[in-house]
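Close look at the chain arrangement
This is what each chain is made of:
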Amino acid sequence: MNTSSESLPLVKPSLLKRGDKIGIVAPSSPSFEEGKLDFALKRFSELGLVPVLGEHVFDSLGDLAGCDKDRAHDLNRFFEDKEIKAIMAIRGGNGSARLLAMLDWDLIRANPKIIMGYSDITALLLAIHQKTGLVTFHGPTASSFFESPYTHEYFLKAVMDKNPIGEIGDPKPKEWGPDYPPTRIIFTPGRTEAPIIGGCLTLIKQLMGTPFEIDTREKILFIEDVSEEPHSIDRMITQLDLAGKFDHIRGLIIGECVGCKPGASKRERMTLNMSIERIFQKRFSNFHAPVIYGMRLGHSNEKMTLPLGVKARLIAEFSAGSSNVVLNIMEAGVC
Amino acid sequence: MTIKPHALKKGDQIALVSPASRPHSAEALARAEAVVEKMGFKPIIAKHALSINGYLAGTDEERAQDIMDAFSSDSISGIFCLEGGFGSIKTLSHLDFSQIKKHPKIIMGSHENTCLLTAISNQASMVVFHGPNICSVDRVESIAEIKSTLASSTILPPVTPSLGSFPAGFHHTSYPGNAQGTLIGGNLNAIASLMGTKYSAHFNNKIIFFCERDERNDIIERWFTSFYLAGHLKRIAGIAFGEFPDCGPKDSLSMKSYQDILTERMIEHKIPSTFNMPIGDSSLSRVMPIGIKAKLDATNGKLEFTESALD
């Protein structure tokens, strides 16, 4: 079922410049608080960007932002519109995978542009990247946009700068009560250089066995998730493993998984649980490629932006008793 | 050709295994033994049935070893899963399916153990049984149902909404029509969890039954969307939706019920299908053979077997 992206040359969208229009869409769930979008719109204007709201961005149909047809329509329309230079999702949630059969791939191929989001939007990012070769962007959504200087900084580096993002730093650490996990835990040390791909684990799982299944071969894979019990994460990882998805990866970056402590989710709780850290450690110690855990690319305000398909370098080494982790995005995602 | 194990006889030895999580206590295990004795069989407790490894009953290798030991033993006639939870999927890469195929015997379980059953069904081409994990059996009706199903080498009685359910005999057709094909099925999340792997169920021309418990509507929708994206819904013959206890919106914002969501897909793909079939792991559930031919009358809520499940 795998659609190999190897045969497809990488297509880079044009970088975002002052005066450019950004299309705001809701391919998954509606915004929790509509007014929250105003913060993002204000930030956009400060950057000289002109936000354009999709026709159905405030539609609501239960947990979906309107019906499938309308949500797909907004996406296709913004890809078609030459004036729109980037497309940003308002929020993840649920429902973007439902649209994949309704997207106009030829239209997207003919109109490469920046598309960004995370969480449920992973389905769009992976599918578009693999179907068209377009570099898509795992990054903030418009309702969790710029709410930290870290996120802001990497958004600018990823889509408003022609230079590669370069070495990824960490958010400013808290002096007391630091967030757990630390950002640079090493499960297996090593050095690697390969294109980077990934996203939210639940969505990677959802696409398994479909024509949009992730191709991880010879790639550095990054994953993250939110509010999943450890056993649920373990089940998804096992599925990917049984499908051979870890056999040929060149490196693995497990991001911060917010709310994935035993008993922290609101569903499928289980007694005698173990931490995801222990599950990952058991599975990915002595791995055939470097594996790190903790970087801020998930469901918190502090989130780097990662272009899918560009070349990255991962170094994970122990030196003099401490760990040294370098993630360098060596190739620009825009042109 | 699908291999049919032998029907059970009084006094047969049954291995009690924990392919996923362990029974909650030694008392729960003792009660499961009593339940199996009540059926007229002799329970043999697998070595790691009560082991603790986080939420798992022992390591993946230990749980797989218990399954392999039970299949390989000539004195064991059947294998019952004790408990669901999570983890049978983690035993799959440690199982020797050619060895299992050489020793066909009854294996029964539900919920997470659907992963194990589905894998054995397609890797060893053997009829397997979706029925309650023994630790959750708490009614004499279940004991009678398990015993009569697994001791029968003739065609099993048709599956219709149970008279014990309320309102009696109620079913809800999501798309009318008749279908025939080989029966597969089990827990929806578990079936979705095998997608993309070599253990995955094959949906072509199949009648599939789904059950789920304690899950949010939007998560049920998410995994069902995987089947849709994979094109399975175009190729499936019919669907019997079983019991979905404690499934609903829960803390999500979904307004549509899982029945609404699934019905939309049934209509879109014109799949003969019905809700409220007595399939799952409750005291009203039927024990379902996986891998034999069946006919589904979705209009009237009736699933008929057209061949025997056991030799």
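Residues numbered from 1 in each chain as written. Chains lettered and ligands numbered in written order. Predicted model: local features only at pLDDT ≥ 70, side-chain atom pairs only at ≥ 80, totals over all residues. Heavy atoms only, no water.

1. Notes on helix H5 (residues 149-159) of chain A
All names here are of chain A. We count it as follows: A 1.4 Å probe rolled over the protein chains alone gives each residue an accessible area, and that area as a share of the maximum for its type sets the label: buried under 20%, exposed over 50%, partly exposed in between. Secondary structure counts use DSSP, requiring at least four H or I residues in a row for a helix and at least two E residues in a row for a strand, with both numbered from the N terminus. The arc in question is formed by the directions pointing from the helix axis toward the C-beta atoms. Working rule for contacts: check all heavy atoms of both residues, and any pair within 4.5 Å makes them a contact.
Every buried residue of H5 is listed here: Tyr150, Thr151, Tyr154, Phe155, Ala158 and Val159. Seen end-on, H5 carries its buried residues on one side only, within an arc spanning 130 degrees. Taken together, the buried residues of H5 touch strand S3 (84-89), strand S4 (114-117), strand S5 (137-138) and strand S6 (166-167).

2. Thoughts on the side chain of Asp281 of chain B
Residue and element names in this part refer to chain B. Which entries qualify depends on this criterion: Any pair of N or O atoms that falls within 3.5 Å is considered a polar contact. Within protein, one atom must be able to donate a hydrogen and the other to accept it, and sequence-neighbouring residues count only if both atoms are side-chain atoms.
On the secondary structure map, Asp281 appears in the loop between strand S10 (273-275) and strand S11 (288-290). The class of Asp281 is buried, set by a relative accessible area of 16%. Here the side chain of Asp281 touches Ser110 through a polar contact of 3.3 Å, side chain to side chain. Other than its neighbours up to four places away in sequence, Asp281 contacts Ser110, His111, Pro132, Ser136, Arg213 and Glu243.

3. Some thoughts on the domain arrangement of chain B
Residue and element names in this part refer to chain B. Convention followed: As used throughout, domain bounds are those supplied by an automatic or database domain assignment. Buried area counts how much accessible surface, traced with a 1.4 Å probe, disappears from two parts once they are put together, with both parts' losses summed. In what follows, salt bridge is the name for a side-chain nitrogen of Lys or Arg lying within 4 Å of a carboxyl oxygen of Asp or Glu.
What the domain assignment reports for chain B is domain 1 (13-150) and domain 2 (172-305). In this structure, domain 1 and domain 2 have C-alpha centres spaced 23 Å apart. Each partner contributes to the roughly 2100 Å² buried at the junction of domain 1 and domain 2, and carbon and sulfur atoms together form 64% of this total. Applying the counting criterion to the domain 1 and domain 2 interface returns 1 salt bridge. Put simply, Arg286 and Glu145 hold a salt bridge, and the shortest N to O gap is 3.1 Å. There are 9 residue pairs in polar contact (both at pLDDT 80 or more) connecting domain 1 and domain 2. Counting only elements with at least two residues in the side of domain 1 that touches domain 2, the list comes to helix H4 (114-123), strand S5 (128-130) and helix H5 (140-150). In terms of residue count, the dominant contributor to the side of domain 1 that touches domain 2 is H4 (7 residues).

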